[in-house]
Amino acid sequence: MPRVPRLTPLMILLALMLAAAPAAAQQPAMLRGRVVAADGARTDSLRAFVRWRAPGDTATRVDSAAVDSAGRFALPLAEGAADSLQLVVDAADRGARAYHPALARIHRRDAQAEQGIVMVPRTWTIPTGRYAGESVAVSPHRARTPVCPGCSVFWVKDPLPDGVVRFQGWPASRFPLRVAFDREHSIPAGAAPDSAAFWRGVESMEDAFGMDLFRPARYLQTLARGMEEIGADDVVLVVVDPGLPVAGLTMALGRRGIVEYAAVSLQRRDVVRTGYGPELVGHEMMHALGFGHTCAWRSISADLRRCPEMRSPSPTPEDVAHAQVLYRVRDLQSAGGLRWGLDAAVAGERVLIFGIPADDP
């Protein structure tokens, strides 16, 4: 009769581990996410959905999971799904949406990383300033609607090489921005707009926002000092240029969606003392903050050639609300390392609310 080998405790443990290994291997990969509301409210009324198709399959399959009180969710990633997945975070009760649905397209290779999402509210209550306490409807779609094909939009985006989208603006730590009159490069040399009139226009704009956005500075203080200093990244320079074909023109420059410098050019030194001087200053300083034109609502940033009837002499509640939402979402993304924000809200509003193509101009 053959001898049966005696099982030692170590052999028993190894046998148990090998028996459990196939079950562990069958556990599905998970798509995990973290959700933050731009208005600071709870997110456990939301639900996450992942939509996918198997190669050659015409039917879309959907899995969903609740977002918990900490803003977390986890969804299984089915084997055999196509490389492109669609992630949606929306209200569990879609008839009571407080936020625009977030719609993101994710490549399967990127799904292993946690998907951080900032939810954009459909209504924004302005906290301070001229319109304090006023609730304003916020529309990412309208903020991204160009005034004409190929023209400017209010929320200016900057796609990065890795596919991440950032919307143009200054880092929160830069405010209030320094504003200096560049007499050296004005025409004629030494020219500058009337200081008192210029700052009256700025103060009207700041009163609407309820915050200090700009502060005066001397031009020499804005210059780089030596080779070790690249240059200031919180400066708006104002020059006089009679060669301009319009009363004012502003350029906001920077990298990776971050404004680092703005130049405001005025056609005449006395233009700020005219009847539309405060409006002109406010219009150009909105551009200096990183915002483009719009014809989607009555605005100080209205495109005067294409929708002059929409012009406003000072920032409107819609201007303030859409500007504050953009900066709030940017700040939350930067502080929390969150991948999705305004871009997902634009796509969500267009596709899931209006039913229009998601392609973003």
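Up top you'll find the structure we're talking about.
Residues numbered from 1 in each chain as written. Predicted model: local features only at pLDDT ≥ 70, side-chain atom pairs only at ≥ 80, totals over all residues. Heavy atoms only, no water.

Draft legend 1. Summary view of the environment of Met251. By secondary structure assignment, the location of Met251 is in strand 15 (residues 248–255). Taking the C-alpha atoms as reference points, Met251 and Val236, 15 residues apart in sequence, are found 9.7 Å from one another. The contacts of Met251, once residues within four sequence positions are left out, are Tyr261, Ala262 and Ala263. (Helix = DSSP H or I, 4+ residues; strand = E, 2+ residues; numbered from the N terminus. Contact = heavy atoms within 4.5 Å.)

Draft legend 2. Fine view of the pattern of salt bridges. The tally for this structure, following the rule as stated, stands at 14 salt bridges. With its nearest N and O atoms 3.7 Å apart, the salt bridge here joins Arg34 to Glu114. Taken together, the residues Arg34 in strand 1 (residues 29–37) and Glu114 in the loop between strand 6 (102–107) and strand 7 (115–119) connect sequence positions 80 residues apart. Ionic pairing is found between Glu279 and Arg311, a salt bridge with its closest N-O pair at 3.0 Å. (Salt bridge = Lys/Arg side-chain N within 4 Å of Asp/Glu carboxyl O.)

Draft legend 3. Quick peek at the packing of aromatic side chains. Under the counting rule described, the total for this entry stands at 7 aromatic pairs. Between Phe154 and Trp297 the ring centres are 5.2 Å apart and the planes differ by 70°, which places this aromatic pair in the edge-to-face class. With Phe154 in the loop between helix 2 (140–143) and strand 10 (157–159) and Trp297 in the loop between helix 4 (277–288) and helix 5 (317–336), this pair connects stretches of sequence that are 143 residues apart. Each ring, one from Phe198 and one from Trp199, has its centre 5.7 Å from the other, and the planes form 80°; the classification is edge-to-face. Here Phe198 falls in the buried class, since its relative accessible area comes to 1%. With relative accessibility at 14%, the residue Trp199 sits in the buried group. Between Arg94 and the ring centre of Phe49, over which it is positioned, the NZ or CZ distance is 4.9 Å. Looking at Arg339, its charged tip hangs above the ring of Trp340, at a distance of 3.7 Å from the centre. (Phe/Tyr/Trp six-rings, centres within 6.5 Å; stacked < 30°, edge-to-face > 60°. Buried < 20%, exposed > 50% of the residue type's maximum accessible area, 1.4 Å probe, protein only. Lys NZ or Arg CZ within 6 Å of the ring centre and 35° of its normal.)

Draft legend 4. The arrangement of the sheet that holds strand 2 (residues 46–52) in detail. Taken together, 4 strands build an open sheet; the order of strands is 3-2-5-6 and the sheet is antiparallel. Sheet topology places strand 3 (61–66) and strand 6 at the edges, where each strand pairs with a single neighbour. The mean angle between the axes of side-by-side strands here comes to 20°, regardless of whether they run parallel or antiparallel. Bridge count between strand 2 and strand 5 (residues 84–91): 6 bridges; the pairing is antiparallel. Looking at strand 5, one finds that Phe49 is bridged to Val88. Set on the sheet, helix 6 (residues 342–354) makes contact with strand 2, strand 5 and strand 6; between it and strand 6 the angle comes to about 110°. (Pairing = 2+ DSSP bridges. Axes fitted to C-alpha atoms, helices over the stretch in contact; angles between N-to-C directions.)

Draft legend 5. Region of interest: the side chain of Glu206. With respect to the helices, strands and loops of the structure, Glu206 is situated in helix 3 (residues 195–209). At 9.4 Å, Arg215 is the nearest oppositely charged side chain to Glu206, a buried residue that forms no salt bridge. For Glu206, the contacting residues outside a window of four places in its chain are Met211, Asp212, Leu213 and Phe214. (Lys, Arg positive; Asp, Glu negative; His and termini not counted.)

Draft legend 6. Geometry of unusual backbone geometry. With an omega of -5°, the peptide bond between Phe175 and Pro176 qualifies as cis. Mapping Pro176 onto the fold places it in the loop between strand 11 (165–167) and strand 12 (177–181). Following Ile187, the chain continues into Pro188 via a peptide bond in cis, with omega recorded as -5°. Within the element layout of this structure, Pro188 appears in the loop between strand 12 and helix 3. A positive phi angle, close to 50°, is found at Arg256, a residue other than glycine. Its place among the elements puts Arg256 in the loop between strand 15 and strand 16 (258–266).

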